[in-house]
Amino acid sequence: MAPPQQLVLAASSADAGVAAWDLRTGAEAIRHCTCASRPRALTVVADRFLAAAQVSAGNSAPIHYYHWDKPQVAVKSFPVEPIRALITDPEGSYLIGGGVSGDIFFWEVASGELLVQWHAHYRAVRCLALYDFLLVSGSEDGSIKVWDLLTMLDEQSRLEAKTQHIYGFNQHALPVIDVACFHGALAVSSSEDRTCKIWSLSEGRMLRSISFPAIIDSIVLDPRSHIFYAGGRDGKIYVTAMGVDVTSPSSDDSSIIGALDDHSKAVTSLSLSTDGLVLISGSEDGNVRVWDTRSQQVIRKFKHSQGPVTNVLLVTPKRVNLPPLQSLRKVCSANGESESRAVIVPQPENDVHIAGNFSSNFLERFLDALQPGSSSRLFESGASTLYGAPNQQGVEWRSKYLELQDLFVHGALDQLPSSKNT
Amino acid sequence: MSGAGGFLADVNDPWLKPRLLRAVVGERLPKPGSDLPPAELASVLDAVRTHGLLTERLPGPHDAKLAEAWRAAVDAWVERVGDLMQSDLPYSRWLGTCFLGLTFQECSNERFAESYSNWFEKILSNLQEPSSVQLVIIVSCTSMSDLFVRLARFLNLKKEASSFAGRVVEPVLLLLNANGPVADEAVDLLRTVIKLYPSSVNRHYNKVESAIETNLISSDVNVKLKEKFARALASLPSVRVSEEIWSLMIQKILIVVNNLLNDAFIGLEEEKKGREILMLLVPPGNDPPPMLGDQTKWSGGNVHVTKKFRVYTVPTISVLIHCCCVMLTSYYPVQVNVPVHALIALTRRVLSVDGSLRTKLFPTTTSLHQELICFELPSLHSSFLDLLSATIKGMRSQLLPHAANIVRLMTKYFEIAKLPTMRTKVYSIVQQLLTSMGVGISMHLLEAIVSNSVADLDDSCGHDMTSLSTKPTIVTNESSSKSYSKKRKQETDAQNLHVSGSEKTAFSPKKRKKISMSTTTETTADVIMLTPLSVKLAALETLEILLNVGGSLRTDHWRAEVDLLLINIARSACDTGGRYEYKLSSTVGETSIADFQLASLKALLASFLSSSHARPPYLAQGIELFRKGKLEIGTKLAEFCSSALLALDVLTHPRALSLESAVPLGPGLTYGAPEKAIFGTEKYKFSLSGNQSQALEDDGPYDDWLTSTKVSEPTGSPPKDSPVGKEDAIVMSQGEKQGTHLEEHQQTDVVIAPAAIQAVPTSGRSDIEMADAATTGTVNLKTTDNPSSSNAALTPVRALLPDLNQQVAAPVSEEGHTDLADLQNKTSAVDASLSKAVTGGEAAPSGASSHFMQSRKTDDSDAESEDSMPGIVDGDPDSD
């Protein structure tokens, strides 16, 4: 079976659509038309379909859904305000959007219901990230806040909680641009103050701050969590160590252990394959580059458009039989609860035939029961019935019959202890 | 290669197989009408399977002669089996069908494709013949499902297979109403057909549904069989590719369950609850779905009312809920909508009934009724806990909007759940929640898990204080010194008005446990008194998952307590285990001591690995346990222990780099920046009296400088104080045993010096260590005016001053509660360190503690520093 197709997606803030290239062949697979998105506004819903928040054109800034194989927009939704940052959870159950007013919107994908909306920041939400169900939001006002979605989704908990967010970090002096989370409850944020900061989400404090020679527009974490890539406005992608070597406590410049330098303009967006070997970068120069992270060489180059590339993604599309997509609601319904919908999504791999051992395999069980030792009692009584007791000759068949019955009942059916014998 | 005759080359000679098969057919396989003793039957089956006599799989180059010989032998086998099946005698027919089933499994693809339709007809005739003996029907059902399973692998025969499947459905439907064993196998066959060839059942959908429903509510069907019927019903929606059919079915089931509950819970809950749930199931304006099954049968017949509840209501609810569980956890060809609100509301409804009366004056509520319900309540609760568990499994992240609701429900239910099975189930649900929702939910569940599992695990060891004297003095000393320190801590805590109820109550059992840890619970009386092992096991597993998921979260509240508990449990489990394992493994049923040992070590490993940024307090003891466990060769324990040691390798030889910069950029510095100078000067004084350890000299001034910043670190460190304190206490007690202060000092030095080194890359727990280090003089501080340290200290401080302000201000304005906790922890940390400073060695100048005090006062409130005063006074007697 051929390895699943991997697509490199790129979107621009100028309207040039979402381009999708096959990573292996390098051919452009499809271009989804009409899409102009700000950075961090393009997301893949559990590999099933694509969602992109549009820059505001006129008085509307819709969110578009695209199916993998159709170039046109599948569904348009019109949220109450332009959405700057859009993410989904790993299972694709929810879409979370950060608005220009600083509000965060939480939609359920299956029903399109707006489950909750809250005012998170004083200014626009620039970036969002999820760690389990902790939501990290970074804003133009320079603050990063960590939200527990469990609390936010439950009215009672919301009322009980003293503050809505669990942590608020104000160490960034200027707008926060990007944030990424990784296991071990770590978050890395970048800001216009030319630093990246590493946060512990479990302890709620900053662990490190790393200064960069340029503003970092995009961060992506290596799956092994020991380095991260930071795309700078100077066109370089800085390879940065997460940990520090305590034996050489010099300046934190030592954290930057290398740079990938090929873009002529700011690197706006980064995406890493799940194995950490392929890095995709999108730049304001309109190009998308694919890097081999081991050799640090560009292995592919795609030209998206004249306009700046704002989003790149590396995805493995999962083509399943989707029910019609629901457009996202503008406001929370008054009786939102009854409208929300949970679904069991069909699993494509479940369509294959069940294995033979799935069905009750009588003979196997029968044999098990007949293995020496497991039914010694049976053999003993069997011997006596068949050979030992002459006075039972007349009822030999009958007793053997019962005995076999017993065998079924015990060994094969695992129930009904000798219902027939009693 | 030998030919058809003569000697074989060896056991692998392919000629063996046809020969053997011929021999089996000729000599051992009975002819129609003759008998075969069961042992002989087993050996025939065994021979066929072991040697693969029917496979006709030729090894190596094609050998026409061999192939022909083998084919002929298999032909003979098939023919004989056919003869057996044609026989009039039930026994022969039974035997024939058995062997035919074996043939399906074993024979080559070509042979199967060639003759499957022939075989199908034979078996079908068995099924359809009304005169067939029960046993023959049973074995025909199984053989038939084997046939379909094998047939399903032939994709090119799909069409024929579907039509065959369609022909089977009707006879099977008739068999469903037969008695126990026949119906049992018939259901299995039906499920196989539904799974493999859903379209063939489509035509009979309604008939199948009603046949299953009839059986579900019939009171003469036993529980196991009913569950099988329930599973068949659950798989039925996959027959029709439509999302409504699934929703309709679960809606119907839930309505029936709700109605049954209405009758059952009269007087035990508010009356309107049933109607509310019905509203969720059938939104106003919608037509209610048709009733499940035959309406008239839902009354339960004319059983007496007292009996009805036991024999009809509860079993029916259980089996219907079981059906829901299966429906929720299986996949269907289309996306289906789950009425998750109704499911949770229904679960909540049942789980909140605790048997107490709500409306006392309700006319029909009699004490008898209440008694009946209380009698059946555990099984009802159990069913609905299963339902909740299935909901969590099926809905996964989609449950997020309801998660807070479920957390509240579970927290409350922990109080009701006293029976072992219930508790185990609650724990397993909590585990599922933790795994599916991750760190977010662990914050909400933390308190409930810790308090409940501590309660469950603690009482296990808490009752035999008498055997204290039987154990070596180390332990006694250890425990007594520990109880001193604990008392002290308790007092100061009490003054700080912070200690939560659970924490307080946890103290005494812990003390007792500490003592009894060394003792083995050997008398049978003790064993009986214990919390059931299964519950403790579940509690341990839950703690393990909690540590895995949210181990570094809000550590100040709970980690110290849990870490201590886990090391104690593991030690006591492994103490007793060696002997108990052999003694009890045969008698103890589901949960053996070995399982418990394994669970305790697993939880211990989780506690080690999840310690955030710090070396876990009981690592040494834990490693010893793992080492010992590794020696139990051949057990799961040994397997786990070796992998645990591997996992701990990272902790013992830190290869990973610390995330925290050695350069003071963390808030820890900013928080306590002003104090540093003071500490520095103090330490300078210490260093006059202290002897500098060799190990630390390499790191130079930087090192102590780092330590001094960490003292003032606001987060992370407080929780660790008691574990570290205990470690010290152990060290001390060992010292006491040895008798002289000199020795004690030396020993302490030896132990603590490495600890101080370890603390350098870590962030959290260092203030205590620092205190120890200071008093024992191991901290090497050469000068305060060391240019590198002061410079490094001052510049970043200035640079980060805005951060400092924010950091300090933020907790006050936004997180009042955590702030309070922080303050409290800080003081207790100070107390602990102070008392240790005093107890740790007389060499510590009295000035040291006062300096500590002053430094604390700079940022803590006055009240707190007053609190810490008694800590010192209290600590004094301890040092002797």
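Being a predicted model, the structure only gives us computed values, none of them experimental.

Novice: With reference to specific residues and values, describe the overall build of chain B.
Specialist: Along chain B, the regular secondary structure elements total 39 helices and one strand. Partitioning the contacts of chain B with sequence separation of at least 6, the portion at a separation of at least 24 is 78%. Only carbon and sulfur atoms are counted for the fraction: they give 57% of the accessible area of chain B, which is about 35300 Å².

Novice: If you had to explain the overall build of chain A to someone new, which residues and values would you point to?
Specialist: Within chain A one finds six helices and 29 strands. Burial statistics for chain A: of 422 residues in total, 60% are counted as buried. Relative to all contacts within chain A whose residues are 6 or more apart in sequence, the contacts with residues 24 or more apart total 47%. By element, 51% of the accessible surface of chain A is carried by carbon and sulfur atoms, the whole surface being about 16500 Å².

Novice: Lay out the pattern of salt bridges with the relevant residues and their values.
Specialist: One pass over the full model with this rule turns up 31 salt bridges over all chains. One salt bridge in this structure joins Arg 84 of chain A and Glu 140 of chain A, with 3.4 Å as the shortest N-O distance. Residue Arg 84 of chain A is located in strand S8 (residues 83–88), and its partner Glu 140 of chain A is located in the loop between strand S13 (134–139) and strand S14 (144–148); the two are separated by 56 residues in the primary sequence. Per residue, the accessibility class of Arg 84 of chain A equals that of Glu 140 of chain A, and both read buried. Among the salt bridges present, the one from Arg 71 of chain B reaches Asp 75 of chain B, with a minimum N-O distance of 3.0 Å.

Novice: Report on the sheet that holds strand S3 (residues 28–32) of chain A, specifying residues and quantitative values.
Specialist: Residue and element names in this part refer to chain A. On the basis of which strands lie adjacent, the open sheet formed by four strands has the order S3-S2-S1-S28 and antiparallel pairing. Pairing within the sheet leaves two strands with one partner each, and these edge strands are S3 and strand S28 (309–315). Strand-to-strand, the axes of this sheet are offset by a mean angle of 15 degrees, without reference to chain direction. Strand direction decides the pairing type here: strand S1 (residues 7–12) and strand S2 (residues 18–22), joined by four bridges, are antiparallel. Each bridged residue has a counterpart across the sheet, and for Leu 7 the counterpart in S2 is Asp 22.

Novice: Tell me about helix H25 (residues 593–609) of chain B, and please be specific about residues and values.
Specialist: Its 17 residues give H25 of chain B an end-to-end C-alpha distance of 24 Å, which sits within 8% of 24 Å, the value for a rise of 1.5 Å per residue. Taking burial as the measure, the 17 residues of H25 of chain B include 13 buried ones, the bulk of the element.

Novice: How would you summarise the packing of aromatic side chains if you had to cite specific residues and measurements?
Specialist: Residue and element names in this part refer to chain A. Counting across every chain of the model gives 23 aromatic pairs over all chains. Ring centres of Trp 21 and Phe 302 lie 4.6 Å apart, and the angle between their planes is 10 degrees; this geometry places the pair in the stacked category. Of the two residues, Trp 21 sits in strand S2 while Phe 302 sits in strand S27 (residues 297–303), which places them 281 residues apart along the sequence. Judged by its relative accessible area of 3%, Trp 21 is buried.

Novice: Lay out the confidence of the model for chain B with the relevant residues and their values.
Specialist: All names here are of chain B. Chain-level statistics for chain B give a pLDDT mean of 69 and a share of 61% at 70 or above. Taken together, the stretch residues 577–588 has pLDDT below 50 and engages in 16 contacts with residues farther than four places along the chain or on a different chain. For this predicted complex, the interface confidence comes out at an ipTM of 0.81, alongside a pTM of 0.73.

Novice: Outline the packing of helix H5 (residues 109–128) of chain B against helix H6 (residues 134–152) of chain B, listing residues and values.
Specialist: All names here are of chain B. The contact between H5 and H6 brings their axes to 10 Å, and the two run at 150 degrees. Between H5 and H6, the interaxial angle falls into the category roughly antiparallel. Crossing handedness for the pair H5 and H6: left-handed. In contact with Asn 109, Phe 112, Tyr 116, Phe 120, Ile 123, Leu 124, Asn 126 and Leu 127 of H5, H6 contributes Val 136, Ile 137, Ser 140, Cys 141, Ser 143, Met 144, Leu 147, Phe 148, Arg 150 and Leu 151. Each residue belonging to the contact of H5 with H6 can be placed in one class, and the counts come to 13 nonpolar, four polar and one charged.

Novice: Kindly report on the environment of Leu 566 of chain B, identifying the contributing residues and their values.
Specialist: All names here are of chain B. Along the chain, Leu 566 turns up in helix H24 (residues 555–584). Each C-alpha atom, one on Leu 566 and one on Leu 604, is 5.7 Å from the other, the two residues being 38 residues apart in sequence. Those residues in contact with Leu 566 that lie beyond four places of it in its chain are Leu 540, Leu 543, Leu 547, Ala 603, Leu 604 and Ser 607.

Novice: Any details on the domain arrangement of chain B? Residues and values, ideally.
Specialist: Here chain B is described as being made up of domain 1 (241–416) and domain 2 (444–460 + 530–577 + 592–652). Here domain 1 of chain B and domain 2 of chain B have C-alpha centroids that lie 37 Å from each other.

Novice: So what's going on with the packing of H6 of chain B against helix H8 (residues 180–196) of chain B? Which residues, and what values?
Specialist: Each pair of packed helices can be summarised by the angle the axes make with each other and by the distance between the axes. All names here are of chain B. One way to put it is that H6 packs onto H8 with a least axis distance of 9 Å and a crossing angle of 15 degrees. Regarding the angle of H6 to H8, the classification is roughly parallel. The hand of the H6/H8 crossing is left-handed. Contacts from Gln 134, Ile 137, Ile 138, Cys 141, Thr 142, Met 144, Ser 145, Phe 148, Val 149 and Ala 152 of H6 reach H8 at Pro 181, Val 182, Glu 185, Ala 186, Leu 189, Thr 192, Val 193 and Leu 196.

Novice: I'd love a proper account of unusual backbone geometry, names of residues and values included.
Specialist: All names here are of chain A. Here the phi dihedral of Asp 132 falls at roughly 45 degrees; this positive angle occurs in a residue that is not glycine. Looking at the element boundaries, Asp 132 is found in the loop between strand S12 (125–131) and S13. Look at Asp 132 and you get partly exposed, because its relative accessible area is 33%.

Novice: I'd like a rundown of the UniProt feature "repeat: WD" (unreviewed entry) in chain A, residues and numbers included.
Specialist: Residues and elements named next belong to chain A. Per the UniProt record, "repeat: WD" (unreviewed entry) is annotated on residues 118–149 and 260–301. Across residues 118–149 one finds 3% helix and 62% strand; the C-alpha atoms that close the span lie 11 Å apart. Taken end to end, residues 260–301 is 0% helix and 60% strand, and its two terminal C-alpha atoms sit 14 Å from one another.

Novice: Which residues make up the UniProt feature "domain: Pre-rRNA-processing protein RIX1 N-terminal" (unreviewed entry) in chain B, and what are the values?
Specialist: The residues that UniProt annotates with the feature "domain: Pre-rRNA-processing protein RIX1 N-terminal" (unreviewed entry) are residues 28–221 of chain B. Between the end C-alpha atoms of residues 28–221 of chain B there is a gap of 40 Å, over a span that is 76% helix and 0% strand.

Novice: Please set out the side chain of Asn 287 of chain A residue by residue, giving values where relevant.
Specialist: Structurally, Asn 287 of chain A is set in strand S26 (residues 287–292). With residues up to four places along the chain from it excluded, the contact list for Asn 287 of chain A reads His 263, Ser 281, Gly 282, Phe 302, Lys 303 and Val 309 of chain A.

Novice: Go over the nonpolar core with me, naming the residues and quoting the values.
Specialist: Residues Trp 77, Phe 99, Phe 148, Phe 384, Met 410 and Phe 626 of chain B are the most contacted members of the largest nonpolar core, which totals 225 residues. Taken domain by domain, this core gets at least three of its residues from each of domain 1 (241–416) and domain 2 (444–460 + 530–577 + 592–652) of chain B. Excluding residues that lie within four positions of it along the chain, Trp 77 of chain B makes contacts with Leu 21, Val 24, Val 25, Leu 29, Val 44, Val 48, Leu 54, Phe 99, Leu 102 and Thr 103 of chain B. Counting 21 residues, the second largest nonpolar core, distinct from the first, contains Ala 129, Leu 134, Val 136 and Ile 166 of chain A.

Novice: Can you break down the sheet that holds S14 of chain A residue by residue, with the values?
Specialist: All names here are of chain A. Taken together, the four strands give an open sheet; going across it, the order is S12-S13-S14-S15, and neighbouring strands pair in antiparallel fashion. Edge strands, defined here as strands with exactly one partner in the open sheet, are S12 and strand S15 (165–169). In this sheet, neighbouring strand axes are inclined to one another by 20 degrees on average, regardless of whether the strands run parallel or antiparallel. Direction of pairing for S13 relative to S14: antiparallel, over a ladder of five bridges. If you follow Gly 138 over to S14, its bridge partner there is Ile 144.

Novice: So, the pairing of strand S4 (residues 42–45) of chain A: which residues are in play, and what are the values?
Specialist: Residue and element names in this part refer to chain A. Alternating residues of S4 divide into Leu 42 and Val 44 and Thr 43 and Val 45, and every residue in both groups is buried. In this sheet, strand S5 (residues 49–53) lies alongside S4 in antiparallel orientation, the contact comprising four bridges. Counted as the bridge partner of Thr 43 is Ala 51 from S5. With antiparallel pairing between neighbouring strands as the criterion, S4 and S5 make up a hairpin whose turn holds three residues, including Ala 46 at a positive phi of roughly 45 degrees.

Novice: Give a detailed account of H5 of chain B, specifying residues and quantitative values.
Specialist: Residues and elements named next belong to chain B. Compared with the 28 Å implied by 1.5 Å per residue over 20 residues, the 27 Å span of H5 between its first and last C-alpha is a close match. The largest bend in H5 is about 55 degrees, located at Ser 115. Check the buried side of H5 and you find it contacts helix H3 (64–86), helix H4 (90–106), H6, helix H7 (158–176) and H8.

Basis of the calculations
Residues numbered from 1 in each chain as written. Chains lettered and ligands numbered in written order. Predicted model: local features only at pLDDT ≥ 70, side-chain atom pairs only at ≥ 80, totals over all residues. Heavy atoms only, no water. Helix = DSSP H or I, 4+ residues; strand = E, 2+ residues; numbered from the N terminus. Contact = heavy atoms within 4.5 Å. Areas by Shrake-Rupley, 256 points an atom, 1.4 Å probe, with all protein chains shown as cover. Buried < 20%, exposed > 50% of the residue type's maximum accessible area, 1.4 Å probe, protein only. Salt bridge = Lys/Arg side-chain N within 4 Å of Asp/Glu carboxyl O. Pairing = 2+ DSSP bridges. Axes fitted to C-alpha atoms, helices over the stretch in contact; angles between N-to-C directions. Expected span 1.5 Å × (residues − 1). Phe/Tyr/Trp six-rings, centres within 6.5 Å; stacked < 30°, edge-to-face > 60°. pLDDT = per-residue confidence, 0-100. Parallel < 35°, antiparallel > 145°, perpendicular 65-115°, else oblique. Left-handed = near helix turned anticlockwise from the far one by under 90°. Nonpolar A, V, L, I, M, F, W, Y, C, P; charged D, E, K, R; others polar. Domains from an automatic or database assignment. UniProt positions renumbered as here; feature names shortened; annotations may be inferred. Core = buried A, V, L, I, M, F, W, Y, C linked by side-chain atoms within 4.5 Å. Bend = angle between axes of the 7 residues up to and from the residue.

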